[in-house]
Amino acid sequence: MPAPHDPDAPGRPERDPAGRLPAPRAPEPPWRARIVLAEVRRDTRADRTRTELTQQTRVGEALVRGLVRAQLALALRLSLVVLIGLGGLPWLFAIAPAVGRVTVLGVNLPWLLLGLASFPFLIAVGWAYVRLAERNEQDFTDLVHRPER
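This one's a predicted model, so the numbers in the text were calculated from it and none came from an experiment. (Residues numbered from 1 in each chain as written. Predicted model: local features only at pLDDT ≥ 70, side-chain atom pairs only at ≥ 80, totals over all residues. Heavy atoms only, no water.)

J.: If you had to explain the overall build of the protein chain to someone new, which residues and values would you point to?
T.: Each helix and strand in the protein chain was counted, giving four helices and two strands. Ordered by position from the N terminus, the helices and strands of the protein chain form the series α-α-α-β-β-α. Looking at the 149 residues of the protein chain, the share that counts as buried comes to 13%. Long-range pairs, those at least 24 residues apart, make up 62% of the contacts in the protein chain with a sequence separation of at least 6. Of the roughly 12800 Å² of accessible surface on the protein chain, a fraction of 63% belongs to carbon and sulfur atoms. (Helix = DSSP H or I, 4+ residues; strand = E, 2+ residues; numbered from the N terminus. Buried < 20%, exposed > 50% of the residue type's maximum accessible area, 1.4 Å probe, protein only. Contact = heavy atoms within 4.5 Å. Areas by Shrake-Rupley, 256 points an atom, 1.4 Å probe, with all protein chains shown as cover.)

Pasting the structure below:
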């Protein structure tokens, strides 16, 4: 048994090579267990839909095909508006020759309508197409990101 004055006796703190005592340790917190009664479901419908889009499954292809069809239908409807709006003018002048002979500020009405009025008309149709196409895309995005109900 070592002597009571022995610095290397068991139960005494060890000193570092410089002879200093180590700093006291903070007490460890008691062990805690986390009890979870219900986990939040991470695989939402939007995640599954995005996965189906990226993996190009049948459902993803059907969603994209629906968007393409909506965009095509919009393009065809507005093309019909342009066809009737601009293509109908020559028919109007052929059916009603008196309208074709009207002059405004010394210029025949057909020249004004086809030469000047057609550009703002085409710009308005183009603006409407962009706006409605973006709305179709936003509806598609909302459908993909919609949370599960």
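Now that the structure is up, let's keep going.
J.: Break down the environment of V81 for me, citing the residues and quoting the values.
T.: Along the chain, V81 turns up in helix α2 (residues 58-95). Separated by 44 residues in sequence, V81 and V125 place their C-alpha atoms 8.2 Å apart. Once residues within four sequence positions are removed from consideration, V81 is found in contact with F121 and V125.

J.: A description of the side chain of S118 should follow, citing residues and the corresponding values.
T.: Here S118 shows up in helix α4 (residues 109-145). Judged by relative accessible area, which is 7%, S118 ranks as buried. At 2.7 Å, the side chain of S118 and the backbone oxygen of L114 are in polar contact. Not counting the four nearest positions on each side in its chain, S118 is found in contact with L86 and L113. (Polar contact = N/O pair within 3.5 Å; in protein donor to acceptor, adjacent residues only side chain to side chain.)

J.: Could you give an account of the side chain of Q71, with specific residues and numbers?
T.: Its location among the elements puts Q71 in helix α2. Those residues in contact with Q71 that sit more than four places away from it in its chain are Y129, A133, N136 and E137.

J.: Any details on α2? Residues and values, ideally.
T.: The end-to-end C-alpha distance of α2, which contains 38 residues, comes to 52 Å, matching closely the 56 Å that a straight helix rising 1.5 Å per residue would cover. G88 marks where α2 bends most, by close to 35 degrees; the proline P90 follows one to four residues later. Burial in α2 covers these residues: G60, L63, L67, Q71, L74, L78, L89 and F93. (Expected span 1.5 Å × (residues − 1). Bend = angle between axes of the 7 residues up to and from the residue.)

J.: Provide a residue-level description of a nonpolar patch on the surface, including the pertinent values.
T.: A contiguous nonpolar surface patch, about 320 Å² in accessible area, is contributed by L80, L83 and I84. With respect to the helices, strands and loops of the structure, L83 is situated in helix α2. For L83, a relative accessible area of 57% gives the class exposed. (Patch = residues over 30% accessible without salt bridge, like charges linked within 9 Å, V, L, I, M, F, W, Y side chains within 5 Å. Salt bridge = Lys/Arg side-chain N within 4 Å of Asp/Glu carboxyl O.)

J.: Outline α4, supporting the account with residue identities and numerical values.
T.: Here α4 contains 37 residues, and its C-alpha end-to-end distance of 52 Å stays within 8% of the 54 Å for a straight helix at 1.5 Å per residue. Of all the bends found along α4, the most pronounced is centred on A117 and spans about 45 degrees, while P120, a proline, follows it within four residues. Taken together, the buried positions of α4 are occupied by L109, P110, S118, V125, A133, F140 and V144.

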